[in-house]
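Here's the letter readout for the chains.
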Amino acid sequence: MAVKKTTLMVDEGLYSQIRERAAKRGDSVSSIVAEALRSYLASEGATPKRPFKVTVSTGTPLIPVDKYSTAELLDIMDADLSIEKSR
């Protein structure tokens, strides 16, 4: 396998952690970084670890707004009216 030499800019604390882990495992810093990058790239297409939650509002009706009218949207947002008055 061909190897490419590169320079990475990392926080000193992070670099210390990488060096400690490499020393504990008897590996090089390069092998730890390469392993982390492989793991990151492999998980890129995986399911997110923290799925987001969608909340559906069922109590308040929506205000109809022309999606092509920025002025109308801004007027509604600026108005201090209840939803019933803006209909």
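The structure under discussion appears in the preceding block.
Conventions and cut-offs
- Residues numbered from 1 in each chain as written.
- Predicted model: local features only at pLDDT ≥ 70, side-chain atom pairs only at ≥ 80, totals over all residues.
- Heavy atoms only, no water.
- Salt bridge = Lys/Arg side-chain N within 4 Å of Asp/Glu carboxyl O.
- Helix = DSSP H or I, 4+ residues; strand = E, 2+ residues; numbered from the N terminus.
- Buried < 20%, exposed > 50% of the residue type's maximum accessible area, 1.4 Å probe, protein only.
- Patch = residues over 30% accessible without salt bridge, like charges linked within 9 Å, V, L, I, M, F, W, Y side chains within 5 Å.
- Areas by Shrake-Rupley, 256 points an atom, 1.4 Å probe, with all protein chains shown as cover.
- Axes fitted to C-alpha atoms, helices over the stretch in contact; angles between N-to-C directions.
- Parallel < 35°, antiparallel > 145°, perpendicular 65-115°, else oblique.
- Contact = heavy atoms within 4.5 Å.
- Nonpolar A, V, L, I, M, F, W, Y, C, P; charged D, E, K, R; others polar.

Asks: Explain the pattern of salt bridges to me, using residue names and the numbers behind them.
Replies: The tally for this structure, following the rule as stated, stands at two salt bridges. Note that Arg 25 is salt-bridged to Asp 27, the shortest N-O span being 3.3 Å. In this structure, Arg 25 and Glu 35 form a salt bridge, with 2.6 Å as the shortest nitrogen-oxygen distance. Here Arg 25, found in helix 1 (residues 12–25), pairs with Glu 35, found in helix 2 (residues 29–43); they are 10 residues apart in sequence, far enough to count as distant. Relative accessible area serves as the criterion here: at 41%, Arg 25 is assigned to the partly exposed category. For Glu 35, a relative accessible area of 39% gives the class partly exposed.

Asks: Talk me through a nonpolar patch on the surface; I want residue IDs and the actual numbers.
Replies: Among the surface-exposed residues, Leu 8, Val 10, Leu 14 and Tyr 15 lie close enough to one another that they form a single nonpolar patch of about 340 Å² accessible area. By the element assignment, Leu 14 lies in helix 1. A relative accessible area of 39% means that Leu 14 is categorised as partly exposed.

Asks: Got a sec to walk through the packing of helix 1 against helix 2? Specific residues and values, please.
Replies: Interaxial distance between helix 1 and helix 2 falls to 8 Å at its minimum, and their mutual angle equals 105 degrees. One way to sum up the angle between helix 1 and helix 2 is to call them roughly perpendicular. Judged by residue contacts, Tyr 15, Ile 18, Arg 19, Arg 21, Ala 22 and Arg 25 of helix 1 engage Val 29, Ile 32, Val 33 and Glu 35 from helix 2. The residue makeup of the contact of helix 1 with helix 2, split by class, is six nonpolar, no polar and four charged.

Just geometry here; none of it tells us what the structure is for.
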